[in-house]
Amino acid sequence: LSAGVDLPMEQAISTNIRPLMQQTLRPGCEEDTGPHGLAGICNISDLNYKEPMLVNSVNAVGTKLKVAMVMERFDTIGADLVALCANDIAARGAEPLFVMANFSAPKLDAQQAYLVNQGLAEACTEAGCALLGSKTAEMPGIFSASGFDVTGFALGITELSKPLPHP
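Note that the structure is a prediction, hence the values are computed from the model and not measured.

Can you tell me about the sheet that holds strand E4 (residues 95-105), naming the residues and giving the values?
Sheet strands line up and pair through hydrogen bonds in the backbone, either parallel or antiparallel. Taken together, four strands build an open sheet; the order of strands is E3-E6-E4-E5 and the sheet is mixed. Each edge of the open sheet carries a strand with a single partner, namely strand E3 (52-60) and strand E5 (130-138). On average, each strand axis in the sheet is inclined to that of its neighbour by 15°, with strand direction left out of account. In the sheet, E4 pairs with E5 via eight bridges, with the strands oriented parallel.

Written as structure tokens, this is what we have:
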């Protein structure tokens, strides 16, 4: 343990979700091959935009986590997070490029983290964006024993002349 974090568990989760992330790659987006996937890489010059403008959205799934815990359906939480972010970006007339997420829990659970990331990856594929990063954080004493949180952000792109709403 280092600073209260189960590093072997964090590495096991990272290894298990890497194939999910690889399935979502799209033009311009590259897999972060570093040991912990610390940063998403997207080369917008690979995309066909004359005057690209970036659009960002950040969200958390909030109280829907309680429903997921009661139903023991954790894949829906990842999908919900992507939908929240991608819809915000689409509302501005942009296409989502990539999502990065963070899964925090008092004690990391590999199966729970995998299911959340499975939902993230499936929703990213549906939205046409890449899942470029999904970090975990073990935070004892912050959440109740069964609680956790999932947060994330998405980056999108549009032409400078096309963001919505139009003035």
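Here the narrative resumes, following the displayed structure.
Talk me through the environment of aspartate 46; I want residue IDs and the actual numbers.
Tracing the backbone shows aspartate 46 in the loop between strand E2 (41-42) and E3. Separated by 18 residues in the primary sequence, aspartate 46 and glycine 28 have C-alpha atoms spaced 5.1 Å apart.

Would you mind going over the environment of valine 5 in detail, with residue names and values included?
Position of valine 5 relative to the elements: it lies in the segment before helix H1 (7-22). Owing to a relative accessible area of 16%, valine 5 belongs among the buried residues under this scheme. Between the alpha carbons of valine 5 and proline 140 there is a distance of 8.7 Å; along the sequence they are 135 residues apart. Filtering out sequence-adjacent residues up to four positions away, valine 5 remains in contact with Glu10 and Glu138.

Go over the packing of H1 against helix H4 (residues 110-127), please, and point to the residues and values.
Where H1 meets H4, the closest approach of the two axes is 10 Å, and the angle between their N-to-C directions is 30°. Considering their axes alone, H1 and H4 lie roughly parallel with respect to each other. For the pair H1 and H4, the sense of crossing is right-handed. Of the residues in H4, those touching H1 at Met9, Ile13, Asn16, Ile17 and Leu20 are Ala110, Ala113, Tyr114, Asn117, Gln118 and Ala121.

Rules used throughout
Within each chain, residues carry numbers counting from 1 in the order of the written sequence. For this predicted model, a pLDDT threshold of at least 70 governs which residues receive local features, and a threshold of 80 or more governs which side-chain atom pairs are given and counted, while totals over whole chains, interfaces and linings are taken from all residues. Side-chain calculation: all heavy atoms of the structure are included, whereas hydrogens and water are not. Pairs of strands are assigned from DSSP output, requiring at least two bridges between the strands. Strands are runs of DSSP state E lasting at least 2 residues, helices are runs of H or I lasting at least 4, and numbering of each runs from the N terminus. Here an axis means a line fitted to C-alpha atoms, over the contact stretch when the element is a helix, while the angle between two N-to-C directions is reported on a 0 to 180 degree scale. Accessibility here uses a 1.4 Å probe with only protein chains present; expressed as a share of the type maximum, an area under 20% marks a residue as buried, one over 50% as exposed, and anything in between as partly exposed. Note on contacts: a residue pair qualifies if any of its non-hydrogen atoms lie within 4.5 Å across the two residues. When an angle is under 35 degrees it counts as roughly parallel; over 145 it counts as roughly antiparallel; between 65 and 115 it counts as roughly perpendicular; any other value is oblique. It is the rotation of the near helix from the far one that decides the hand of a crossing: anticlockwise by less than a right angle makes it left-handed, clockwise makes it right-handed.

By themselves, these observations are geometric and do not establish any function.
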